[in-house]
Each structure stands twice: as structure tokens, then as C-alpha cells.
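Reading the structure
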Amino acid sequence: MNYITYEIGTKNAFFIKPYNFNINTISEKEFMDNINSVKNELNIDNLALVTQRHTADIKKVTLDNINEETVADGMITDIPNIGLGVKVADCQAIFLYDPIKRVIGCVHSGWRGTVKKIVKNAIDVMVNDYGSVISDIKVVICPSILQDHFEVDYDVYLEFKNSFNDIDKYTIYKEDLNKYYIDQETLNKDYLMSLGIKYIKVANTCTVCNGNKIHSYRYEKEKSGRNLAVISL
Ligand SMILES: [Zn+2]
């Protein structure tokens, strides 16, 4: 199996090696073949992608704008048969699903996105523009870099501290190395619960520890590929 899927009541998959969605490391043909495999596996006609830039911006995807190039790091739609896909290698991909209003979201939240609270922006769009009730929304945090490998210096720790007062609860400081290790998965889980989310599934799978099976930037550096996280109604 070259993808991981979660039982949340709508189609979703986290495509891993040997699939690769980093256009800089594979040919255009290979990329298109991989995109077609995703469509076939999930039985969808359309796949929406955005130009990811570690922003906190959300695109509302429709059949009219699906092929427009948009800089954003999250997408929302209520249209069936459109897959929303984000490319990740260590960053969190987060699925959102409201089974009552039938709305989905897909978010790329690396540490910059987490600090900017992009997932809250996505939830706000679902609530304000699609009528979702927060407690109905189911959330999945896909495999990402976990605390053992998310080693940062003081400057990055400080960015977290500025966004999350209680960051020390999620941080181990190793004095001998002068490095900080932040548990972003639990941080985002607790943050989502504080917003009123009731159902959260976390992968609890470290991409770096599993770098032989899952694309990981810290495992392979510049030559690393990208996984693709896709959700569809
Ligand atoms: Zn690890």
C-alpha cells in the first residue's frame, strides 16, 4: 500500500513513496502519472492544488477556479468529486471534514503555518462561508515530523512562544545542545480542541523516523520528494 487512509466518512489518502509529487525531483511525465494514479485510487475527476508558500491563506475551490494558479496553503470546498491536495515532507497536512454540511478542507501547516494558525483560518471559512458548526468538524493530522526530530534554535522557539503562551508544555530543551524540541502534533491537537473540535485523529507517525517509506525533508534534505495528502467528498 502506497497510501495511508483514515476512517472519517469521506475519501482521503496520504500518498507516500514511491509516489512523489515534488516536480523539482521528477519529470513532468512522472508527476502527471502520479497525479493520475491519485485520481484513479480515489475515483475522482478533479484534483485541486495550490502554490504553497507557508502562508495562512485559504482558497475556496470551485469548478470555475480549480485550474487557476493560486498562492495559498489551504483549500475548502463543498463540491463532490474534487480532491484537495497538499504536498508535504515533514510539515503537517491536516484534513477537515464536516459530515453535516458536507464541506471539506485540506491544510498545509508547517511550523510557519502552525505559528500563523492557518488551521483556524480554514475553520473560520468553513463556519462563516459554508455554515459549519465547529463541533461537527472532524480533523486528521497526517504523518509529520514529531518531537524527537523537530529540533529548533531559540529564534524558532520564540516564534512559537509568541503564538502559544503555553508552548513550554510542548517543548523539551536540551541544555547540552542548546536546542529545543517541539511537539507540534500535540500542540495543534490541543489547540484544535480549544477551538471546539471534538474529533481529532493524529497519525503519531514521524516522517523522519520513517524516511525510508515516507518523504521527509530532514531525512533527505534538498533532494527529498513530497508526499501528497488528498481529501474529497
Ligand atoms: Zn522521528
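Residues numbered from 1 in each chain as written. Predicted model: local features only at pLDDT ≥ 70, side-chain atom pairs only at ≥ 80, totals over all residues. Heavy atoms only, no water.

1. Some words on the overall build of the protein chain
What counts here: Numbered from the N terminus, helices here are DSSP runs of H or I no shorter than four residues, and strands are runs of E no shorter than two. Two things to know: the radius of gyration comes from C-alpha atoms, and the globule rule equals 2.2 Å times the number of residues to the power 0.38. Computed by Shrake-Rupley with a 1.4 Å probe, the accessible areas treat only the displayed protein chains as cover when residues are assessed.
Counting secondary structure elements, the protein chain contains six helices and 14 strands. Its C-alpha atoms give the protein chain a radius of gyration of 17 Å, within 12% of the compact-globule value 17 Å for 233 residues. Counting only C-alpha atoms, the protein chain reaches 55 × 40 × 30 Å along its principal axes. Accessible surface computed for the protein chain: about 10600 Å², of which carbon and sulfur atoms make up 46%.

2. Regarding the environment of Glu220
To keep things clear, this is the line we draw: Whether two residues are in contact is decided by their heavy atoms: any pair within 4.5 Å suffices.
Tracing the sequence through the fold places Glu220 in helix α6 (residues 217-220). When the C-alpha positions of Glu220 and Ala89 are compared, they lie 9.7 Å apart, and in sequence the two are 131 residues distant. For Glu220, the residues in contact, after removing those within four places along its chain, are Lys17, His215 and Gly225.

3. Some words on helix α4 (residues 154-163)
This is how it is decided: Think of it in three bands: residues with accessible area under 20% of the maximum for their type are buried, residues over 50% are exposed, and the middle band is partly exposed, with areas taken using a 1.4 Å probe on protein chains only. Along the arc lie the directions from the helix axis toward the C-beta atoms.
If you check which residues of α4 are buried, you get Val156, Tyr157, Phe160 and Ser163. Down the axis of α4, the smallest arc covering the buried residues is 125 degrees, so these residues share one side. In α4, the exposed positions that point more than 90 degrees away from the buried face belong to Asp155 and Asn162. Buried-residue contacts for α4 involve α2 (111-115), β10 (151-152), β11 (171-174), β12 (179-182) and α5 (184-195).

4. Re α5
Heads up, the rule is: Helix span, expected: 1.5 Å multiplied by one less than the number of residues in the helix.
With 12 residues, α5 should cover 16 Å at 1.5 Å per step; its first-to-last C-alpha distance of 16 Å lies within 8% of that length. All of the buried residues in α5 are Gln184, Glu185, Leu187, Asn188, Tyr191 and Leu192. In a view along the axis of α5, the buried residues occupy a sector of 160 degrees, so they form one face of it. Backbone geometry just after α5 places Gly196 at a positive phi near 115 degrees.

5. Notes on the environment of Asn227
By secondary structure assignment, the location of Asn227 is in strand β14 (residues 227-232). Overall, the relative accessible area of 0% leaves Asn227 in the buried class. With 87 residues separating them in the primary sequence, Asn227 and Val140 have C-alpha atoms 16 Å apart. Beyond its immediate stretch of four places on either side in the chain, Asn227 contacts Phe14, Phe15, Ile16, Lys17, Phe21, Val86, Lys87, Val88, Ala89, Ile214 and His215.

6. Quick notes on the packing of helix α3 (residues 118-130) against α5
Put simply, the rule reads: Convention adopted: a line fitted to C-alpha atoms gives each axis, helices being fitted over their contacting stretch, and angles between N-to-C directions are expressed from 0 to 180 degrees. Roughly parallel means an angle under 35 degrees; roughly antiparallel, over 145; roughly perpendicular, 65 to 115; everything else is oblique. Left-handed describes a crossing whose near helix is turned anticlockwise from the far helix through less than a right angle; right-handed describes the clockwise counterpart.
At a closest axis distance of 11 Å, the pairing of α3 and α5 adopts a crossing angle of 30 degrees. The orientation of α3 with respect to α5, classified from their angle, is roughly parallel. The chirality of how α3 crosses α5 is right-handed. Counted together, Val119, Lys120 and Ile123 of α3 and Asn188, Tyr191, Leu192 and Leu195 of α5 form the full contact between these two elements.

7. Digging into the nonpolar core
Worth spelling out the cut-off: Each nonpolar core is a collection of buried residues, namely Ala, Val, Leu, Ile, Met, Phe, Trp, Tyr and Cys, held together in the definition by side-chain atoms within 4.5 Å.
Core analysis: the biggest nonpolar cluster contains 37 residues, and Ile76, Leu96, Val139, Phe160, Ile167 and Leu192 have the highest contact counts within it. Broken down by element, the residue count for this core peaks at seven residues, all from α3. Sequence-distant contacts of Leu96, that is, excluding residues within four places in its chain, are made with Val103, Ile104, Gly105, Val107, Val119, Ala122, Ile123, Met126, Ile137, Lys138, Val139 and Ile231. Judged by nonpolar contacts, the second largest core, of 27 residues, contains Val50, Met75, Ala93 and Tyr97.

8. Side note on the side chain of Ser109
Position of Ser109 among the secondary structure elements: in strand β8 (residues 103-109). Setting aside anything within four residues of it in sequence, one finds Ser109 in contact with Cys91, Gln92, Ile94, Thr114, Ile118 and Asn188.

9. Quick word on the sheet that holds strand β2 (residues 11-15)
Inclusion rule: Between any two strands, at least two bridges found by DSSP are needed for them to pair.
Strand order in this open sheet of five strands is β1-β2-β14-β6-β3, and the pairing throughout is mixed. Two strands bound the open sheet, and with one partner strand each, they are β1 (3-4) and β3 (46-48). In this structure, β1 lies alongside β2, joined through two bridges in antiparallel fashion. For Ile4, the partnering residue across the bridge sits in β2 and is Phe14. Set on the sheet, helix α1 (residues 28-42) makes contact with β1, β2, β3, β6 (82-88) and β14; between it and β2 the angle comes to about 145 degrees.

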